[in-house]
Amino acid sequence: MDLTLTPEMARFRDEVRAFLQAHRSEYDAGQPKDVLAWQRLLIDNGYAARTIPKAYGGYGAEPDILKSRIITEEFIRADAPRGIANQGVSMLVPTLLEVGSEEQKKQWIGPTLRGEVIWCQGYSEPGAGSDLASLQTKAIEAGDDFLISGQKIWTSTAHQADMIFCLVRTEPDAPKHEGISYILFPMTTPGIEVRPLTTMTGHAEFNEVFFTDVRVPKANVVGGRGRGWFVANTTLKHERGMLGDPNATEARLNALIELMKTETVGGERIIDNPLFRDRLMQLQARVFAMKFNGMRLLTAAQTGEGAGLAGLVVKLQGCELNHQIAALAIDALGELGILYHDGPHLRARGNWQRNYMFDLGLIIGGGTAQIQKNIISERGLGMPREPSPAKA
Amino acid sequence: MRFALSEDQKMLQASVGKAIADLAPLDRVRRYAEGKETIAADIWAGLSDLGLPGLMIPEAHGGLGLGLLEAAVAAEALGGAVAPTPFLGSAVLAPLALTLGGTPEQQARWLPKLASGEATAGVCIAEAVAGARDGAGVVAKDGRLEGFCLFGLDAQDADLLVVADRDGKLWLAERPAETAVMSSIDETRRLSEVIFAGTPAEPLASNEALTRLRDAAWVVLAAEMLGAGQTMLEKAVAYAKERKQFGRVIGSFQAVKHLCAEMAAELEPARALVWYAAYAFDHAPEEASLMAAHAKAHLSEIGRFVARTSTEVHGGIGMTDLLGLHYWFKRLGQNRQLLGGPEKVREYAARVQGLAA
Ligand SMILES: Cc1cc2nc3c(=O)[nH]c(=O)nc-3n(C[C@H](O)[C@H](O)[C@H](O)COP(=O)(O)OP(=O)(O)OC[C@H]3O[C@@H](n4cnc5c(N)ncnc54)[C@H](O)[C@@H]3O)c2cc1C
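Predicted model, so just to flag it, every value in this text is computed and none were measured. (Residues numbered from 1 in each chain as written. Chains lettered and ligands numbered in written order. Predicted model: local features only at pLDDT ≥ 70, side-chain atom pairs only at ≥ 80, totals over all residues. Heavy atoms only, no water.)

### Description of the UniProt feature "domain: Acyl-CoA oxidase/dehydrogenase middle" (unreviewed entry) in chain A
In the UniProt entry, the feature "domain: Acyl-CoA oxidase/dehydrogenase middle" (unreviewed entry) is given for residues 120-214 of chain A. Note that residues 120-214 of chain A is 0% helix and 52% strand, and that its end C-alpha atoms are spaced 16 Å apart. (UniProt positions renumbered as here; feature names shortened; annotations may be inferred. Helix = DSSP H or I, 4+ residues; strand = E, 2+ residues; numbered from the N terminus.)

Here's what the structure looks like:
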C-alpha cells in the first residue's frame, strides 16, 4: 500500500487547483452557469472525456488512474461541477468505444461528449423490467431498414432526447438472449410517440415511448445483429459503476455536514444533538468504506487484477447509502424537511427532498437491489442459480 | 498510488492464516475456551516462528520492524480463527508503548524478550479509553501503583504490564499483586481484573502514547472483527451449499442467497476501511484517530449483523455448541464492547473533527 504522491502527481494536483481557481466565477454551488461552455472548457483542459481519443472529440490523454482520482478529489473539494454525465456520455460513449463501428464512433461520440446530442436509453418494457431479455419490441426487416414497433417504459429524458439507443428483437425465433439487437435512431423519426410519466418527485423524469413502424437503417445496429444482449451488458456495467459512484456520495455527505452545522432548531444546532450526530457518524464511516473500496477498484483496474466482490457490491451499497444520507438530511430538517415547493423556508431549493424521493428510483433503476444481490451471491460467492421453472 | 496489499503483506496474511489453522483448530480453541487448558502458550510459541510477537518491534531490538497495517493483516487472520493469543497486548500495544515512551534502558530490557516470545505483556487501559466502571482506577504514588483495573488485555500470566492511571499517564509494572480472570461471553480471549497494592512501577515518558495505543487497539480490534466476520460469511456460504431442504440445497433459495449477499456487501467495503485506518496510523497521522474510530465502530456494527445473519443461515445448528459457530459470534460481541462500544467511539470520531464539544 503506497498512497504517496510523486512530485509529478503533486504538480498535477496544483495544476487542477489552479484551473479551478481561475474559473471559479463560471460556476456556483456545484452548478455551471453555462452547461455547454463549461463542458467544452473541461474537455479542452482534459477534465472531461479525458482518455477518449482526440479523433472522436475527446482530450486524448493516456489512461492514468491516479490523475483521474486527483481530478475527482479536487473537483469535490472545490464543489465544482463535473461536467455532463448523462446516459449518452456515461453509457453510450463507452459502449461505442468498445463495440461501435469506426463510422458510429466518428459520428456520435464527439457531439455526445460536447452535450450537443442528448440520448435516451430504450431498454425496459412494461413486461420486461428485471427480466429484460424477455423484451418484445420487434424489428421487422424491410430491405435495408428495420420497421420497429412496440413499447418502452421508464425511459429517462426521452422527452428531451435527440436520439435513442434501443434494444429490439430482430430474431423472433432465436432463444431470448440471442434475438436482440442494439440500435440507434433519432427521436424525430416518424412513428415515435413520447408520453411523460410523472414520478413522485412531481417531475416527469421518465416516459413511456411508443413505436409504430419506425423506419431505421440496419446500418444503425451496434455490435452486430443478434448481439444486443452482449452490447447492452457492456453498457449496464458502466451504468452500475456510475450509479454507485462514491465520489458523488462523499460530496453529498459533506453537504449534509454543512447543513447540520448551520441549521438550528429552537436555537440548538442540529450537529449538537447527539442522536443526529451519531447517525451522521454512522453514515460517514460507510462513506469512507465505499470511498476506500473505490480506491481498491482503481488499483485493481491499474494492475489488471479482477476486482471481484469489491466491484460487485458498489451499486447495491452506494445507492442505499445515498438514500440514507438524504433521509438523515430530511430528519435533521424536521418539519422544514417536508416543505418542497418554493417558499421562504425551503432549504437548498428542495434538493434534499428531491434526492430522498429520486434516490429510491436509483435503487430500482439499472438493476434492482434484489437483482444486485443475485449477482453478488451467484457471481461473487458462487452460490447456485435459481432453478429455472419447468417448461410448461 | 497502490491501494492493495503488497506481495509481502499477502504472504504474511497467508502464512499466519496457515499457521493458526494448524496451531489452533477449532477443537483446540474449544478446549481452551472450556477451561480444559488454561494456557495457550504453545500457540504463541508456534507463532513466534513467524516472528509474530516481534512484528512491530524495531529490528534493532530483534523484531521485524513492521507497521500497523501488517499487524492488522495478521489480526484479521487471527480473528478469522478466533485464536487465543496475546497478540493485541503483547505484540501491538506494549511494544508501541515502549517504543513511544520507554527509556533506552526499558526498551533494551523488554523489547528483545517480547520479540522472541520469551516474555509477554498485558495492557490495562480500559478506564482511560472507555471510562471507569465499578470504581476501577489506579493511582500512582512514589513509584508505586494502588487500585485496580478491569478488562486487562492479555494481562493474565503477563511478565510486564502497561497500565494507565487515573490521569491517563502510562506506567510499566512488573508484578501485579493479583490478576483475576473476568469470565466473559468470549472465553477465547480472557480478560483480567488486575489489582495493585503498592506495586512498583516506572513511568513512560510520552504524553501522546495513550492516544496512539488507543488508535492502534481500535484498528486491531476492527481487523479481528473483519476476519471473524469473513469466516462467519464463508461458513454460511459453505453450509448453504450443502444443507438440503425441500429437495434442494438451501443456498439455491433466494432468501438465503440474499442474506449471504448482504453479509458480503457489508464486509467488502469494510475491508478497505480497515486497511486505510491502519495505513493512516502508519503514514497519515492527521487522519489516524478519525479513521481508527470509524473502523472500530463500523466493524462493530457490521460484525453484529454478520454474526447474527450467519447464525440464522445455519438454522438450529447455528445456535448449538456442535459446530462451534458461536465462538465467532462471541468474539465479535466481545470486540464490539472492548475499549468503547460504537456509540462512544463515534462520539469521539465527531469530536476529532470538531463536530462535537
Ligand atoms: C428512476 C428510474 C429511471 C429509469 N430509467 C430507465 C431508462 O432510462 N431506460 C430504461 O430502459 N429503463 C429505465 N428504468 C427502468 C429500470 O431499469 C427498471 O425499473 C428496473 O430494471 C426494474 O424493472 P421493473 O421496474 O419492471 O420492476 P420488476 O422487474 O417488475 O421488479 C419488481 C420487484 O420484483 C423484484 N424482482 C424481479 N425479479 C426478481 C428476481 N429474479 N429475483 C428477486 N427479485 C426480483 C425486483 O427486485 C423488484 O423489487 C428506470 C427506472 C427508474 C426507477
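After presenting the structure, the write-up continues.
### Looking at the site of the ligand
What surrounds the ligand is a group of 19 residues, the closest being Q121, S130, W154 and T368 of chain A together with Q254 of chain B. Surrounding the ligand are residues belonging to chains A and B, so the site spans chains. In this structure, Q87 of chain A approaches the ligand through a side-chain N or O atom, which is 3.3 Å from an oxygen atom. Looking at the shell around the ligand, the elements with two or more residues in it are strand 5 (145-156), helix 11 (351-364) and helix 12 (369-380) of chain A. Tallied by class, residues from the shell around the ligand come to five nonpolar, 14 polar and no charged. Shared between two domains, the shell around the ligand takes at least three residues from each, and those domains are domain 2 (119-225) and domain 3 (244-381) of chain A. (Near = heavy atom within 4 Å. Polar contact = N/O pair within 3.5 Å; in protein donor to acceptor, adjacent residues only side chain to side chain. Nonpolar A, V, L, I, M, F, W, Y, C, P; charged D, E, K, R; others polar. Domains from an automatic or database assignment.)

### Quick look at the state of the cysteines
On inspection of all chains with the given rule, the structure shows zero disulfides over all chains. Left without a disulfide partner, C120 of chain A is nearest to the cysteine sulfur of C166 of chain A, which lies 8.0 Å away. Classification of C120 of chain A as buried rests on a relative accessible area of 0%. No disulfide involves C149 of chain B; its sulfur sits 4.1 Å from the nearest other cysteine sulfur, which is in C124 of chain B. (Disulfide = S-S within 2.5 Å. Buried < 20%, exposed > 50% of the residue type's maximum accessible area, 1.4 Å probe, protein only.)

### Focus on the interface of chain B and chain A
Each partner contributes to the interface: chain B provides 48 residues, whereas chain A provides 46 residues. Taking both sides of the interface into account, the surface hidden between chain B and chain A amounts to around 4,200 Å²; carbon and sulfur atoms contribute 64%. Here chain B is connected to chain A by six salt bridges. A salt bridge links E262 of chain B to K373 of chain A, with the shortest nitrogen-to-oxygen separation between them at 2.6 Å. On the surface where chain B and chain A come into contact, there are 20 residue pairs in polar contact (both at pLDDT 80 or more). (Contact = heavy atoms within 4.5 Å. Buried area = accessible area lost by both parts, 1.4 Å probe. Salt bridge = Lys/Arg side-chain N within 4 Å of Asp/Glu carboxyl O.)

### Side note on the packing of helix 8 (residues 274-303) of chain A against helix 10 (residues 285-314) of chain B
Each pair of packed helices can be described by the angle between their axes along with the distance between the axes. In contact at an axis separation of 9 Å, helix 8 of chain A and helix 10 of chain B are set at 100° when each is read in the N-to-C sense. In terms of their interaxial angle, helix 8 of chain A and helix 10 of chain B are classed as roughly perpendicular. Residues M281, Q284, A285, R286, F288, A289 and F292 of chain A of helix 8 of chain A lie in contact with helix 10 of chain B, whose contacting residues are L290, M291, H294, H298 and I302 of chain B. The residue makeup of the contact of helix 8 of chain A with helix 10 of chain B, split by class, is eight nonpolar, three polar and one charged. (Axes fitted to C-alpha atoms, helices over the stretch in contact; angles between N-to-C directions. Parallel < 35°, antiparallel > 145°, perpendicular 65-115°, else oblique.)

### Things to note about the side chain of R190 of chain B
Residues and elements named next belong to chain B. Along the chain, R190 turns up in the loop between strand 6 (178-182) and strand 7 (191-203). Take R190: its relative accessible area is 11%, and that puts it in the buried class. Within the structure, the side chain of R190 is placed 2.5 Å from the backbone oxygen of Y32, a separation counted as a polar contact. With residues near it in sequence (within four places) discarded, R190 still touches Y32, A33, G35, E37, T38, G152, D154, Q156 and V181.

### What about the domain arrangement of chain B?
All names here are of chain B. For chain B, the domain assignment lists domain 1 (7-87 + 102-116), domain 2 (121-206) and domain 3 (209-353). Facing 16 residues of domain 1, the contacting portion of domain 3 comprises 21 residues. Summed over both sides, the interface of domain 1 with domain 3 buries roughly 1,600 Å², with 66% coming from carbon and sulfur. Sorting the residues of domain 1 by area buried against domain 3 places L68, E76 and V82 first, and these three jointly supply 35% of that buried surface. Taken together, domain 1 and domain 3 are joined by two salt bridges. Measuring nitrogen to oxygen at the nearest pair gives 3.0 Å for the salt bridge that ties E76 to R271. Inspection of the region where domain 1 meets domain 3 yields eight residue pairs in polar contact (both at pLDDT 80 or more). Mapped by element, the contributors of at least two residues to the side of domain 1 that touches domain 3 are helix 2 (26-33) and helix 4 (68-80). The biggest single contributor to the side of domain 1 that touches domain 3 is helix 4, with seven residues. Across the side of domain 1 that touches domain 3, the residue classes break down as ten nonpolar, three polar and three charged.

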